[in-house]
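Chain by chain, the residues:
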Amino acid sequence: MKKRTSGGGWQAVWYTWRKARESSGWKLWKFWTAMRSKNACKTCALGMGGQAGGMVNETGHFPEVCKKSLQAMASDMQGAIKPDFWKTYSVAQLQAFSPRELETCGRLVDPVLLRKGSQYYEPISWDEAYRRIIDKLRATQPDESFWYFSGRSSNEAGFLLQLFARVYGTNNVNNCSYYCHQASGVGLSNVLGSGVGTIQLHDLETADCMFVIGGNPASNHPRLMTSLKEMSKRNAEIIVVNPVVEIGLVNFRVPSDPLSMLFGTKIATLYVQPHIGGDLAMITGISKRILEMDAIDRPFLETYCEGWPELEARLRATPWEEILAKSGVTKAEIDDMAQRYAKAKNVVFSWTMGITHHVHGVLNVEAIANLALMRGMVGRPGAGLMPIRGHSNVQGIGSVGVTPKLKDAIFQRLQDHFQIKLPTTPGLDTMGCMEAADTGRMRAGFCLGGNLFGSNPDATYAAQSLRGLDLLVYMNTTLNTGHAHGLAGEDTIILPVLARDEEPQPTTQESMFSYIRLSDGGPRRHEGPRSEVEIIAHIAQGVLGSEVTGPIDWRGMESTRKIRETIAAVVPGFDEIKTIDATKKEFQIAGRTFHTPKFPTPSGKAMLKTHDLPELAGGDLSDPAIGQLRMMTVRSEGQFNTVVYEDYDLYRGIDRRDIIALHPDDITRLGLKADHRCHISNEVGRMQNVIVRSFDKIRPGNALMYCPEANVLVPRSRDPSSKTPAFKCVLINVVPAEGSKPETYVEPFVLLSTAQAAANGQASNGHAANGRTAGDGTVHAKQNAC
């Protein structure tokens, strides 16, 4: 593919037109109307839309649009999957589809069932779907069930389902943040007493320095690029830290700005490439240098923080040799970052999963908070901490109680409000539920949106675990890899749901800035799918009893207004949600933004933390005798979370997904050849016939592969505090494939677990890179069936 010199630009404009054409033909106004409707954006948590109308952000700026929102809207505007699709394609054939091919099969419109022993899903009626689910749940001990929530859903659906699960009798309630930003929540709570970002969007307008650590917002949160562009125009420092030089963070052409479109906007004023896993050592180094420069705010530390003497002593005692060896960053680079930080007056620290996806993810977040507090950059306007969260309502789902342990205030208020006793047994986190399923301690799983299988590390283990269930229920709008690979041992049921802008009643969502938006919903695009709250309320009533005899009027809970009234009564800070559908007044959650240095900890002060530096995984990998690399799984520019919209990665110039991107030095060191095939393995799994792509933008010693395909190599190692898996630091071995020749298309790569590879050498789990090798060779007919 052609190498890009900037992100955004005319290619983004052309892509917009193409997606509009795909979704509405020449009636482009249909796409425009959908994008401008009064609904919160369906993709990232940066937030836009709501009552100000689509493409308007929280500061009122218009137009705010990005490819992610276009892709999500185009997906929801697809035609329906035809009934004969389910007769045409077996599970084995669906397993041969790529993530993109599954996503583009069309909208789910009928409940479908995969019975034990069957090779085909079959459409069933809603009555039968409800009956099967209700009967199975009634026959299951509550603590033998788990409930998984995606950030795609509304506050109302999330609150209702967690309430159902707890009244049913279990705290095995968890959400997708355990596999993304849970480390941010735990780390921030440990330091500040609050697990969310400390700033509002408008704070970026006065910041004169911003750290962007372990993320690629140009691809994954494109609307943030408008804020970075404005910072660049003010000559603010933008310090990017990433093992990969992402072109969109070097230069970006913002389509809504004519000058930026014509000439491009320089983004990073400094770009630093640590080794994968070297962040904690690097951040410690910056902190140590700030201390040596006496650039700290000592009065702030002594007045508003606890633990400063201990942190100061630890920083002084940590040797530079250890910091440099474990970070992969030079002393000069650390000095440069520290000098720029010391000169700035208002600094924002932002990060994404390059910080959280490590076994020490919580420590990474705590260290970032320490660094900000050392100069008093928390508890003031225009400065603070900004975890860049993924899905549009992942923060809201957590706020309304989707977590194994409810906050004490919510727990007590729920009991008092409904005059019920909630379970007090410890609930399991997401990986804990997967492990319980694998050992036979789980019988039923219920997934509100998302792709639980595709989000898991160790894909072979994930599929094995889910097969231990008697019932697995998915609520989705389109097909994903979970529907092909994440199958229960007995009944797997997919329930089609309405998209956010099709809901018959208003719903709410929370942005990463703790701002509550109201989405109006809108007309349905297809007959068949149902509202999430309607489905949940119907099943809850069937399992727990009628509205007459039970403690909760589940039928009444089909009203999103009724649910919001309950949320207002039990969730602190959500009082205004009670009447939001009448007032149309969206609001900031009280107590979340820290513009003064008073924190919700027992002492009211920030709690600084000290850390030992972990060893750098793999150590020095420059020795030719060492055949290992540190690999991180990433998303492409044409992808959102586990949903793949395009197989190519535009900004990185990579044309397909069955690749490993390596620095030319590593290709030579390992005896590989660019564009030839290789085999990749570790203690978890094996991938065969993967194409080697030369990629000089990555730090030598490190590798880049795409998720969810490469999850077969990711071990179940996780942060002990947040339980977040280490997707971003995986040791792998790479060897050439014998007889490999340079070619742009190869036979689809094969995924094997280590155990499978040992047993049969060439066995496949059925997943093919481009969907070209179905069980009976008929995948080529897929498009005609959709």
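Quick caveat, the model's predicted, so the values are computed rather than measured. (Residues numbered from 1 in each chain as written. Predicted model: local features only at pLDDT ≥ 70, side-chain atom pairs only at ≥ 80, totals over all residues. Heavy atoms only, no water.)

K.L.:
Where do I start with the sheet that holds strand β16 (residues 491-496) in this structure?
P.N.:
Note: strands within a sheet are paired through backbone hydrogen bonds, in either parallel or antiparallel orientation. Taken together, the 7 strands give an open sheet; going across it, the order is β3-β2-β16-β15-β14-β4-β5, and neighbouring strands pair in mixed fashion. The sheet is open, and its two edges are formed by β3 (122-123) and β5 (173-175), each paired on a single side. Strands β2 (112-114), β4 (145-149), β14 (444-448), β15 (471-476) and β16 of the sheet are contacted by helix α7 (residues 126-138), whose axis makes an angle of about 130° with β16. (Pairing = 2+ DSSP bridges. Helix = DSSP H or I, 4+ residues; strand = E, 2+ residues; numbered from the N terminus. Contact = heavy atoms within 4.5 Å. Axes fitted to C-alpha atoms, helices over the stretch in contact; angles between N-to-C directions.)

K.L.:
Please explain the packing of helix α8 (residues 155-168) against helix α27 (residues 560-570) as it appears in this structure.
P.N.:
When two helices pack together, their arrangement is given by the angle between the helix axes and the distance between those axes. Contact geometry of α8 with α27 gives a least axis separation of 10 Å together with a crossing angle of 70°. Considering the angle they form, α8 stands roughly perpendicular to α27. When α8 is examined against α27, the residues Asn155, Glu156, Phe159 and Leu160 are found in contact with a partner set consisting of Thr560, Ile563, Arg564, Thr566, Ile567 and Val570. (Parallel < 35°, antiparallel > 145°, perpendicular 65-115°, else oblique.)

K.L.:
Would you explain the environment of Lys421 in this entry?
P.N.:
Within the secondary structure, Lys421 sits in the loop between α21 (408-418) and α22 (430-438). The exposure class of Lys421 is exposed, given its relative accessible area of 76%. Distance in space between the C-alpha atoms of Lys421 and Ala737 is 60 Å, their sequence separation being 316 residues. (Buried < 20%, exposed > 50% of the residue type's maximum accessible area, 1.4 Å probe, protein only.)

K.L.:
Honestly, unusual backbone geometry in this entry has me stumped. Any pointers?
P.N.:
With glycine set apart, most residues show a phi of negative sign, and most peptide bonds adopt trans. In this structure, the amide linkage connecting Phe62 to the following residue, Pro63, adopts the cis form with an omega of 0°. With respect to the helices and strands, the residue Pro63 is situated in the loop between α2 (28-36) and α3 (67-76). Residue Pro708 is bonded to the preceding Cys707 through a cis peptide linkage, with omega at 10°. By secondary structure assignment, the location of Pro708 is in the loop between β27 (702-706) and β28 (730-736). For Asp675, which is not glycine, the phi dihedral falls at a positive 70°. With respect to the helices and strands, Asp675 occurs in the loop between α29 (664-669) and β25 (677-681). Looking at Asp675, the relative accessible area reads 31%, which means it is partly exposed. Of note in the backbone geometry, Asn689 takes a positive phi value of approximately 60° without being a glycine. Assessed through its relative accessible area of 16%, Asn689 is described here as buried.

K.L.:
Which parts of the structure should I look at to understand the packing of helix α1 (residues 10-24) against α3?
P.N.:
Look at α1 against α3: their axes get within 10 Å of each other, and the N-to-C directions meet at 10°. Classified by the angle their axes make, α1 and α3 are roughly parallel. Contacts from Tyr15, Thr16, Lys19 and Ser23 of α1 reach α3 at Lys67, Leu70, Gln71 and Ala74.

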